[in-house]
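Structural characterization, general
Below are the chains, spelled out letter by letter.
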Amino acid sequence: MLFCAAMLARGAGLVRGPVIGRIDDSTAAVVWWTDEACDTRLDGMSPGGKPFSVRRPERVTKHVVPLPDLAPGGRYRYQAYSDDFPMGEASTVAAPRGAGDASFRFGVIGDTATGHIPAEIADRLVESGADFVIHTGDVVYPDGADELYDQEFFRPMARWLAGGPVLPALGNHDVHTDRGAPLLSNFVLPKNSATGDSRFYSFRQGNALFVCLDVESSPFGYGSPQYRWLVETLAGSDSEWKVVYFHEAPYSSGGANSVIRLILSPLFERYGVDVAFCGHEHLYERTFPIRDFGFPGPGVVYITEGGGGADLDSFQKKSYSAFAASRHGYVIGEVAPGRLLLTAHDTGGSAFDSVLLTKAGAAPGPAGAVRRPRTVGRP
Amino acid sequence: MLPPAGRFLLRLEAGWYRPSAFVDSEGVSQDFSGSPDFVLGTLRLSYSPVRRLAAGIELPYRYSRLPVPEGSVLTASGIPGAGIYLDWAPVRSSKLDSALRLEYFHSRSVSDEALTLSDGADRYSLDASLFTAETPQGPRWRGGAHSGVRYAPSTRQTSSLADWEIDLRWGCAIARAGGAEIAALALGGYAISSAARQEGLALHDLKSRRALAGFVLEADRDRGTPSSRGIALIVERDLGARNSLSGWRLTMTWTGPFGKSAGR
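Keep in mind it's a predicted model, so treat the numbers as computed, not measured. (Residues numbered from 1 in each chain as written. Chains lettered and ligands numbered in written order. Predicted model: local features only at pLDDT ≥ 70, side-chain atom pairs only at ≥ 80, totals over all residues. Heavy atoms only, no water.)

1. Notes on the pattern of salt bridges
Side chains that carry opposite charge are capable of pairing whenever their charged atoms lie near each other. Just so we agree on the cut-off: We define a salt bridge as a side-chain nitrogen of Lys or Arg found within 4 Å of a carboxyl oxygen belonging to Asp or Glu. Note on conventions: DSSP H or I runs of at least 4 residues are helices, E runs of at least 2 residues are strands, and numbering of each starts at the N terminus. Burial classes follow relative accessibility: with a 1.4 Å probe on protein chains only, a residue under 20% of its type's maximum area counts as buried, one over 50% as exposed, and anything between as partly exposed.
With the rule as written, the count across this model stands at 31 salt bridges over all chains. Across the pair Glu127 of chain A and Arg124 of chain A runs a salt bridge, and its minimum N-O distance is 3.0 Å. Within this pair, Glu127 of chain A and its partner Arg124 of chain A are both found in helix 2 (residues 116-128), separated by three residues, close to a single helical turn. For Glu127 of chain A, a relative accessible area of 52% gives the class exposed. Exposure remark for Arg124 of chain A: the relative accessible area of 17% places this residue in the buried category. Of the charged contacts in the structure, one is a salt bridge between Arg101 of chain B and Asp87 of chain B, with a shortest N-O distance of 2.7 Å. On the criterion of sequence distance, the pair formed by Arg101 of chain B in strand 7 (residues 96-107) and Asp87 of chain B in strand 6 (residues 81-88) is long-range, its members being 14 residues apart.

Given below as C-alpha cells:
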C-alpha cells in the first residue's frame, strides 16, 4: 500500500505492461506504459547469467526497449523500471530464433473478447512453451476503441504478454476506430511493409516465414502496394515453411470472403504458402489442402481460429472442410525440420484436432522454390 | 409492361457486367487481376388472361468468367434459378401507366465453387413502376420511376437477405428511323442491400450500397398499339459503391407481344 502510494506520489504509475513486442526478425522489445512521463530502465540477465542494463533518460509515457543482440532462442530474465521504481514483476522473454534453429512452437488466437476465456487461453499459451502468438484479428470489440484495450485484451492476456509477444492482424472491428490506429499504437510490431507501418508485415522465426496481411483497411487487390509486397516477400523467402495470417477467411463454413479467395488464394498457391490462419468466424475450422479452388491434393491448408472468447458462431460444413467445431480455444504450431504439426486445443488445453504437414528434406530450398507439403495425419 | 389481354409478352434481356474491382465497406478498392465478365441472359414470358393482369415466368442463364492472378481463367455457366411472377396494372390512363410485380425466385443451390452461378437464396420481390403512357395523348417526354424490394429468408446454408433499389429515367424521342421511334433517356438509381450478393457470388455479408448513372436508347415500332415492340440499349456505371462490385453494365432488351389478340 505504501509502495503504491509512493509511486502515485512520484507520478510513476504503471498503466500497462510490461509486455513483449517484436520489432524484426531478430529483435524483441519490452514495452510498458506509465501514467506520467518518466525515464526508462531495463535490467536483465542472459541465459548464461550475464547481466545487462538499458537506460534512457527521455521522459516518456510509452517505454519501448528494443533488445537487438539477444542470443537466438535464449530466454532472458528482465525487470522494468521507471524513475527507479519497478514496473510490474520480473519476467522472462524468449529471444527470436535464428535461421539455423528449426524447431520452435507458436500459438494462434483470434477474435478475443472480454471475460474468462482469453485469460484461460493465456494460461494455456504460457504452459505450451510457445515463443510467440499470432492473432487473427478483432482484438477489441466492438469497435477497437483505445480505452477498452486494457479491459478487453491486455489484462486478460497479461500472464502471456509478460513473456511473449502477440502479433495481431487487423480485424474488421479493430478498424472501426481511426482505421485501426489504436491497435497499431498499442502493439510493437515489425514495420517492414511497403507502406512503412504495421498494417501488414512479415517476420522470420527459425525456418519459417510469417506474413500478416491487412484485408480490412488496406488495398490488397491486384497491383496494390500490399499485393506487390506480398509477392516480393513470398518469392524472396527461402524459408522452409510459409505461413500467412489475416482476418477474414477465404474458405469457411461460417461465411467465406470470396473476394479474398479470388484475389489472394492463387498467390498463396503460386508462392508455396503452407498454411493460412484466419479468424472472423467465431469457431475453429481446418480445410483440406486447397489448390486451384479445389481439393484434395497438395495446396494451402486454411485454418480459422476465431474462438478466442467472442460468442460462438454456427456453421454449415462445406465440402472443403476437413474439421469444424464451434468451440473456444487456440492452436499450437510445432515447427521442426521437414514437419509442421498444428493442434487445436480447447480452453482447458485438451486437443481436439490436429494435422501434420511434412516436406521431403529438411534443408531450405532456393528462393521462390515451391515444395509442396504433404498432409500425413488427420484425426 | 403487361401484354394486351389474351396475348403473350416475351422479353429477352442480355446483360454484360464488367466490374474492375470490389469496393469494400471502408471504400477501399480491391482490384481483380483482370476484368471479370458476368453475362446474364434472361427470358421473361407472361400471359394476360384479363385486362391489367398477367402471370409470367423468368428463366435466366448466366456465364461468368474471371481471370485469376498468376493462373488461368475461371469460367462457370448455367441456369442460376427460375422465377414466377404476377403483374398488375393498378393505374392505366392516357398519360400514365403503372405496374406492380410480385415474384418468387427459386435459386439454384449454392455450391463451394469459387465462381458460383447462384448465391442460393430463394427470394420474394415486389416491384412498382410508374411511367409515361405509350399513347398519342401521353406527354411529349418519356420517363418513369421504378422501385423494388427483395427479401430472402435465411436458410440452413444462407443468411437472410434484404435489398431495395430505385431508379429514375427521363428523356424524349429524338428521331424516327425505319418506322421506329427512337428515344434517349438519362438513368440514375440507388441500391442498398443487407449483403453483397451480386452476379451469383456471395461476396460479403455486410451492408452493400451503390448508386448508378447511365443512359437508355429505346427504339419502338407501333408504339402505343397492342402490337408495340421495341428494343433498348442500357448503359450503366456504378458510382460510390461500398461493399459492392463496381464497374460498367451493358444491357440489351427486346420486348414484343405474340399470340392471338383479344383486344386491349
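2. Observations regarding the packing of aromatic side chains
Residues and elements named next belong to chain A. Applicable threshold: Any Phe, Tyr or Trp ring, taking Trp's six-membered ring, that has another such ring centre within 6.5 Å forms a pair; planes under 30 degrees apart are called stacked, those over 60 apart edge-to-face, and the others tilted. In this scheme, the term charge over a ring applies when either NZ of a lysine or CZ of an arginine sits within 6 Å of the ring centre and within 35 degrees of the ring normal.
Evaluation of the coordinates by the stated rule reveals 27 aromatic pairs over all chains. Arranged with centres 5.0 Å apart and planes meeting at 65°, the rings of Phe200 and Trp229 form a pair that is edge-to-face. Note that Phe200 is positioned in the loop between helix 5 (181-186) and strand 9 (201-205) and Trp229 in helix 6 (residues 225-235), a separation of 29 residues in sequence. Three or more aromatic residues joined by ring pairs make a cluster, and in this case those are Phe104, Phe106, Phe132, Phe203, Phe210 and Phe277. Positioned above the aromatic ring of Tyr271, the side-chain terminus of Arg270 is 4.8 Å from the ring centre. A cation over a ring is seen here: Arg327 above Phe352, with NZ or CZ 4.2 Å from the ring centre.

3. Describing the nonpolar core
The cut-off we apply is this: Side-chain atoms within 4.5 Å link the members of a nonpolar core, which is a set of buried Ala, Val, Leu, Ile, Met, Phe, Trp, Tyr and Cys residues.
Counting residues in each nonpolar core, the largest one holds 57 residues, and the members touching the most others are Phe106, Phe210, Tyr245 and Phe277 of chain A. Formed by 46 residues, the second largest nonpolar core is a distinct cluster that contains Tyr271, Ala276 and Ile290 of chain A together with Ala114 of chain B.

4. Considerations on helix 2 of chain A
One full turn of an α-helix is made of 3.6 residues, so residues set three or four places apart face in the same direction. All names here are of chain A. Selection rule: Multiplying one less than the number of residues by 1.5 Å gives the expected span of a helix. The directions from the helix axis to the C-beta atoms are what the arc is built from. Residues are treated as being in contact if the distance between any of their heavy atoms lies within 4.5 Å.
Relative to the 18 Å expected for 13 residues at 1.5 Å per residue, helix 2 spans 19 Å between its end C-alpha atoms, a close match to the ideal helical length. Regarding helix 2, the residues found buried are Ile117, Pro118, Ile121, Ala122, Arg124, Leu125 and Ser128. Taken end-on, helix 2 shows its buried residues confined to a sector of 165°, consistent with a single buried face. Facing away from the buried side of helix 2, by more than 90 degrees, are the exposed residues His116 and Glu127. Here the buried face of helix 2 lies against strand 6 (104-109), strand 7 (132-135), helix 4 (158-161) and strand 16 (329-336). Just downstream of helix 2 lies Gly129, where phi reads positive at about 80°.

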